[in-house]
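Structure at a glance
Here is how the chains run, residue by residue.
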Amino acid sequence: MSINYDNLDKKLSHIVDSFKGSWCEVCIKDVSDLIYMREYKIAIELLCENLQEDSVPISEDVYLSITEVCEIMHVESVYWKNLPSLITDKGSVGYPKN
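The model shown is predicted, which means the values in this text are computed figures rather than measured ones.

Analysis parameters
- Residues numbered from 1 in each chain as written.
- Predicted model: local features only at pLDDT ≥ 70, side-chain atom pairs only at ≥ 80, totals over all residues.
- Heavy atoms only, no water.
- Helix = DSSP H or I, 4+ residues; strand = E, 2+ residues; numbered from the N terminus.
- Expected span 1.5 Å × (residues − 1).
- Buried < 20%, exposed > 50% of the residue type's maximum accessible area, 1.4 Å probe, protein only.
- Arc of directions from axis to C-beta.
- Phe/Tyr/Trp six-rings, centres within 6.5 Å; stacked < 30°, edge-to-face > 60°.

The next thing to look at is helix α1 (residues 5-17). A rise of 1.5 Å per residue sets the reference length of α1, with its 13 residues, at 18 Å; its end C-alpha atoms lie 18 Å apart and thus fit the reference within 8%. Listing the buried residues of α1 in full gives L8, L12, I15 and V16. Buried residues in α1, looked at end-on, bunch into an arc of 95°, giving them a common side. Counted as exposed and oriented over 90 degrees from the buried face of α1: D6 and K10.

In this structure, R38 is a non-glycine residue whose phi angle is positive, near 65°. Residue S55 is not a glycine yet carries a positive backbone phi of 50°. The topology assignment puts S55 in the loop between α3 (40-53) and α4 (60-72).

Let's shift gears to the packing of aromatic side chains. Across all of its chains, the model carries 2 aromatic pairs by this definition. Ring centres of Y5 and Y40 lie 6.0 Å apart, and the angle between their planes is 20°; on these two criteria the pair is classed as stacked. Of this pair, Y5 sits in helix α1 while Y40 sits in helix α3, and the two are 35 residues apart along the sequence. With a relative accessible area of 36%, Y5 lands in the partly exposed category.

Bear in mind that shape data such as this cannot, by itself, settle questions of function.
Here is the structure:
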């Protein structure tokens, strides 16, 4: 299966942008820089590690987008398997609920 890197870039950028103003700006910049350099696998691994380390609450939509990218990039499950514990029904971080 061929990876559409433009689509992947947009999806990752959208995920990261959803945290602007509500999470560590340095963490966001580090991940954004990796996306800019097209280091997508490292970017999603770092994002997952940072979210877990900082116990950042995420919406279910963000979680599903992260796992989709992880599967596309063949990221080991150790990076994302514990993310469900961060899901909040309040949607306080990540994509806003409509």
